[in-house]
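Overview (structure and organization)
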Amino acid sequence: MVFYSPMESIFYDNYLVVAEMDSAFNILWTWRSPWADRIYGVRDVLAINNDQVLILAGGVTYDSIYKEEAFVHWVYRYDLKERKVLWRRNYGHPPSSDITPGCRVVASQRMRIHG
């Protein structure tokens, strides 16, 4: 499984892409996030069981207070077997004008991870 976000510029189309490839690196299928999420980078991926992952991604939005582009974090719960997003949440309102590259998704003590 490959998780990436091709970024040409924060002013153009940006997407989170999930792709499955075979052993010869041929793409078997892809899923792309909605345009409105404006994902510019994958921060972390956490497997929560054999079929599902949490994907932490950075997105770009518009900060109407400061009248400039700002950054938010998205968390996607993605089902690899069904090839679809089960839910997604946007964390970052109010948006930040700073990029926070050190963020990660970590399992809590209440979370049971199956490997």
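The structure contained in this document is the topic of the report that follows. (Residues numbered from 1 in each chain as written. Predicted model: local features only at pLDDT ≥ 70, side-chain atom pairs only at ≥ 80, totals over all residues. Heavy atoms only, no water.)

1. Some remarks on the overall build of the protein chain
Put simply, the rule is: Going along the chain from the N terminus, every DSSP run of H or I of four or more residues is numbered as a helix, and every run of E of two or more is numbered as a strand. In this scheme, a residue with accessible area under 20% of its type's maximum is buried, one over 50% is exposed, and one in between is partly exposed, where area comes from a 1.4 Å probe on protein chains only. In what follows, residue pairs with any heavy atoms lying within 4.5 Å of each other are defined as contacts. All accessibility values rest on the Shrake-Rupley procedure with a 1.4 Å probe; residue burial counts only the protein chains present in the view.
Each helix and strand counted, the protein chain has 0 helices and 7 strands in total. Helices and strands in the protein chain line up, N terminus first, as β-β-β-β-β-β-β. Counting every position in the protein chain, which comprises 115 residues, the buried fraction comes to 36%. A sequence separation of at least 24 residues applies to 42% of the contacts in the protein chain between residues at least 6 apart. Element-wise, carbon and sulfur atoms account for 51% of the exposed surface of the protein chain, whose accessible area totals about 7,500 Å².

2. Let's talk about the environment of Val42
Relative to the assigned elements, Val42 resides in strand β4 (residues 39–47). With 62 residues separating them along the chain, Val42 and Arg104 place their C-alpha atoms 10.0 Å apart.

3. A word on the pattern of salt bridges
Keep this limit in mind: In what follows, salt bridge is the name for a side-chain nitrogen of Lys or Arg lying within 4 Å of a carboxyl oxygen of Asp or Glu.
A complete count under the given rule lists 2 salt bridges for this structure. One salt bridge connects Arg83 with Glu20, and the closest N-O pair in it is separated by 3.5 Å. One end of the pair, Arg83, is in the loop between β6 (68–79) and β7 (84–96); the other, Glu20, is in strand β2 (residues 17–21), and 63 residues separate them in sequence. On the basis of relative accessibility, which here comes to 42%, the residue Arg83 falls in the partly exposed class. What makes Glu20 partly exposed here is its relative accessible area of 24%. Here Asp37 makes a salt bridge to Arg88, at a shortest N to O gap of 2.9 Å. Of the two residues, Asp37 is situated in the loop between β3 (27–32) and β4 and Arg88 in strand β7; the sequence distance between them amounts to 51 residues. Asp37 gets classed as buried once you look at its relative accessible area, which sits at 2%. According to the relative accessible area criterion, Arg88 is partly exposed, its value standing at 36%.

4. Observations concerning the pairing of strand β5 (residues 52–63)
The condition that has to hold: Strand pairing follows a simple DSSP-based rule, namely that at least 2 bridges must link the two strands.
Burial analysis of β5 places 10 of its 12 residues in the buried class, the great majority of the element. Sheet analysis places β4 next to β5, joined by 7 bridges and oriented antiparallel. Bridge pairing links Gly41 to Gly58 in β5. In textbook terms, the turn of a hairpin is the stretch between consecutive antiparallel strands, and for β4 and β5 this stretch comprises 4 residues. Bridge analysis of β5 against β6 gives 12 bridges, and the strand direction is antiparallel. The residue bridging Tyr62 from the neighbouring strand is Glu69, located in β6.

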